[in-house]
Amino acid sequence: MPPLAGVEFLHGDFREEAVLSQLEALLAGQRVDLVLSDMAPNMSGVDVVDKARAMHLAELAMEFADSHLRPGGAFLIKLLGVGFDDYVRDLRRRYEKVAIRKPAASRKRSPEVYALAQGKRATIQ
Ligand SMILES: C[S@@+](CC[C@H](N)C(=O)[O-])C[C@H]1O[C@@H](n2cnc3c(N)ncnc32)[C@H](O)[C@@H]1O
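Computed from a prediction, not measured in an experiment: that's the story for all the values here. (Residues numbered from 1 in each chain as written. Predicted model: local features only at pLDDT ≥ 70, side-chain atom pairs only at ≥ 80, totals over all residues. Heavy atoms only, no water.)

1. Things to note about the sheet that holds strand β3 (residues 95-101)
Link 1 in the chain: The strand order across the open sheet formed by 4 strands is β1-β2-β4-β3, and the pairing between neighbours is mixed. Each edge of the open sheet carries a strand with a single partner, namely β1 (32-37) and β3. Averaged over all pairs of adjacent strands, the angle between strand axes in this sheet comes to 10°, irrespective of strand direction.
Link 2 in the chain: One ladder, built from 5 bridges, connects β1 with strand β2 (residues 69-80); its direction is parallel. Within β2, the residue paired with Val35 across the bridge is Phe75.
Link 3 in the chain: Lying on the sheet, helix α2 (residues 47-68) is in contact with β1, β2, β3 and β4 (112-120); it crosses β2 at an angle near 175°. (Pairing = 2+ DSSP bridges. Helix = DSSP H or I, 4+ residues; strand = E, 2+ residues; numbered from the N terminus. Axes fitted to C-alpha atoms, helices over the stretch in contact; angles between N-to-C directions. Contact = heavy atoms within 4.5 Å.)

What follows is the structure, encoded as structure tokens:
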């Protein structure tokens, strides 16, 4: 990707500890205002595998937001398929306001939705 002024670009697998460490080094202890994840796994076509992989990425993103988002900050996450009630419940314990949205730009046949969590609480309830 060509460089963009004011943008740090890190290309890596978010599941790898080494990549997370590089990202944390770039942050240098600063809390962020927003964590946004549009990650989705390469689809295998095996529903149970794809959903488990997608949920793993969503859980890693939530953990990242737990550690690096400032209190009051916002977290936007893509969720795939059904069966994310527990995940949304976990978001509500962490954020004042949680909304589930299917944007107009998202294809109707795609199982993706987005959870927008706003107002990170100082402590998990
Ligand atoms: C739906 S696409 C996102 C497209 C992006 N919003 C854009 O406009 O280009 C899903 C993205 O998740 C990324 N992804 C999947 N697994 C990942 C992982 N383990 N670590 C980092 N990125 C991952 C893929 O490389 C892909 O770019």
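2. Examining the packing of aromatic side chains
Link 1 in the chain: Counted according to the given criterion, the structure contains 2 aromatic pairs.
Link 2 in the chain: Ring geometry for Phe14 against Phe64: centres 5.9 Å apart, planes inclined by 70°, an arrangement best described as edge-to-face. With a gap of 50 residues between them, Phe14 in the segment before α1 (17-27) and Phe64 in helix α2 connect regions that are remote in the sequence. The pair Phe14 / Phe64 is uniform in exposure class, with both members buried.
Link 3 in the chain: With a centroid separation of 6.1 Å and 20° between ring planes, the pair formed by Phe75 and Tyr95 is classed as stacked. With Phe75 in strand β2 and Tyr95 in strand β3, this pair connects stretches of sequence that are 20 residues apart.
Link 4 in the chain: Of the residues examined, Phe75 reaches a relative accessible area of 0% and is grouped as buried.
Link 5 in the chain: By relative accessible area, Tyr95 is classed as buried at 0%. (Phe/Tyr/Trp six-rings, centres within 6.5 Å; stacked < 30°, edge-to-face > 60°. Buried < 20%, exposed > 50% of the residue type's maximum accessible area, 1.4 Å probe, protein only.)

Take it as geometry only, folks, not as evidence of what the structure does.
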